[in-house]
Amino acid sequence: MRRLPPLNALRSFEAGARSLSFTEAAKELNVTQAAVSHQVKSLEEQLGFKLFHRLTRKLLLTEEGQQLLPVVSESFDRIAATILDLQRGGDDTNLSVSLTPTFSSKWLVKRLERFWKQNPEIDLRLHHSLQLVDFIADEIDVAIRAGDGRWPGVTAEFLIGVDMVPVCSPALLEGPHPLRTPSDLKHHDLLHEDNHEDWVSWLTLAGVTDVDPHRGTIIDDSSVMIEAVAGGRGVALGRITLIGDDLAAGRLVRPFDLSLESSVGYYLVMPPEAGKKAKVQAFREFLMAEAATARTSGRANPAGKAGVSE
């Protein structure tokens, strides 16, 4: 006989531990904050040890709580995933993938023909989003996201890096202020994605002190920024992973060879149990092979016009 605490008590603990807030847990479970607090207190009494340090205006997990949380969370996830599979009738032909629009259009879509030829029985469902994935609630099998690979409660396998290089329209290599050295950037608009820190880092790496990295336009969408650069709007730091076709077609050029190494990369992310499914294994094998080819191709491609050596 398994000696387990009541399910409601475990749910209250798990929700409170994830948010470190009984108030947020109550909203999630659609009960009162007092009910969550009572369930957790009863659970602690039954277990014989504390799960939370109750400090002024905040909660912290005890050592025991930290050990229990991943076990309970994974168990709930497995139960929910199994029920979802049963409701789907054990369908192993539909594969739902969550990914960002730019990675999809600039990297994945052009490679999918090979996946379809290798796996004609699998129907892909591509869900484009910039938000974090709730695999259970959103009915997602796997996701592709950029980050450091450290996300709690999931497995993450590295696919490809996101090193950045300056890119511009070929027209900017000529004209009244041609790009010959990094200092020539002071005559052109710098384009930024989200913030100015990437240009700060690249200019520091290049040893340039007479270019202000904080000026220029911020565009929070990689695809839009690439189009702006191709149209001659300015110079941006493009992700090598996403601009290969534009470089090959001559829409973009690299005025300088120096690349900014990134601490993040694109990862294949999924719940721990998802990797056992045949359709997920097939998609993973396809992605890993394509990523390996892309990494090799990236090292072999010429950098473009040299201004600073790598």
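This structure is a prediction, so every number in the text was calculated from the model and none was measured.

(A) Focus on the packing of aromatic side chains. Overall, the coordinates contain eleven aromatic pairs when judged by the stated rule. Ring geometry for F283 against F286: centres 6.1 Å apart, planes inclined by 35°, an arrangement best described as tilted. Taken as a pair, F283 and F286 lie in helix α10 (residues 278-300) at a separation of three residues, close to a single helical turn. Following the ring pairs from residue to residue traces out a cluster consisting of F13, F22 and F52.

(B) Quick look at a negative patch on the surface. Among the surface-exposed residues, E74, D77, D134 and D138 lie close enough to one another that they form a single negatively charged patch. With respect to the secondary-structure elements, E74 resides in helix α4 (residues 63-87). Taking the relative accessible area as the measure of exposure, E74 reaches 35% and is therefore partly exposed.

(C) Up close: the sheet that holds strand β5 (residues 142-147). Taking strand neighbours across the sheet as the criterion, the five strands line up as β4-β3-β5-β11-β6 in an open arrangement whose pairing is mixed. A single partner strand is all that each edge strand has here, and the edge strands are β4 (123-128) and β6 (155-161). Here the average twist between neighbouring strands, direction ignored, is 25°. Here six bridges tie β6 to strand β11 (residues 265-270), and the two strands are oriented antiparallel to one another. From the neighbouring strand, T155 faces β11, where its bridge partner is M270.

(D) Spotlight on the sheet that holds strand β9 (residues 217-218). The four strands are arranged β7-β10-β8-β9 in an open sheet whose pairing can be described as mixed. What marks the edges here is a single partner per strand, and that holds for β7 (164-167) and β9. Helix α7 (residues 197-206) contacts β7, β8 (190-192) and β10 (235-239) of the sheet and is inclined by roughly 95° relative to β10. Docked against the sheet, helix α8 (residues 222-230) engages β7, β8 and β10, running at close to 170° with respect to β8.

(E) Expanded view of a nonpolar patch on the surface. Nonpolar side chains collect at one region of the surface, where L20, L55 and L60 lie side by side and expose about 230 Å² of accessible area between them. Within the fold, L60 resides in strand β2 (residues 58-61).

(F) Inspection of the side chain of E44 at higher detail. Here E44 shows up in helix α3 (residues 33-47). Among the residues examined, E44 registers a relative accessible area of 4% and is labelled buried. At 2.8 Å, the side chain of E44 forms a polar contact with the backbone nitrogen of L51. A distance of 3.0 Å separates the side chain of E44 from the side chain of R54, its partner in a polar contact.

Scoring rules and cut-offs
- Residues numbered from 1 in each chain as written.
- Predicted model: local features only at pLDDT ≥ 70, side-chain atom pairs only at ≥ 80, totals over all residues.
- Heavy atoms only, no water.
- Phe/Tyr/Trp six-rings, centres within 6.5 Å; stacked < 30°, edge-to-face > 60°.
- Helix = DSSP H or I, 4+ residues; strand = E, 2+ residues; numbered from the N terminus.
- Patch = residues over 30% accessible without salt bridge, like charges linked within 9 Å, V, L, I, M, F, W, Y side chains within 5 Å.
- Areas by Shrake-Rupley, 256 points an atom, 1.4 Å probe, with all protein chains shown as cover.
- Salt bridge = Lys/Arg side-chain N within 4 Å of Asp/Glu carboxyl O.
- Lys, Arg positive; Asp, Glu negative; His and termini not counted.
- Charge placed at Lys NZ, Arg CZ, Asp CG, Glu CD.
- Buried < 20%, exposed > 50% of the residue type's maximum accessible area, 1.4 Å probe, protein only.
- Pairing = 2+ DSSP bridges.
- Axes fitted to C-alpha atoms, helices over the stretch in contact; angles between N-to-C directions.
- Contact = heavy atoms within 4.5 Å.
- Polar contact = N/O pair within 3.5 Å; in protein donor to acceptor, adjacent residues only side chain to side chain.

Honestly, it's all geometry; don't read function into it.
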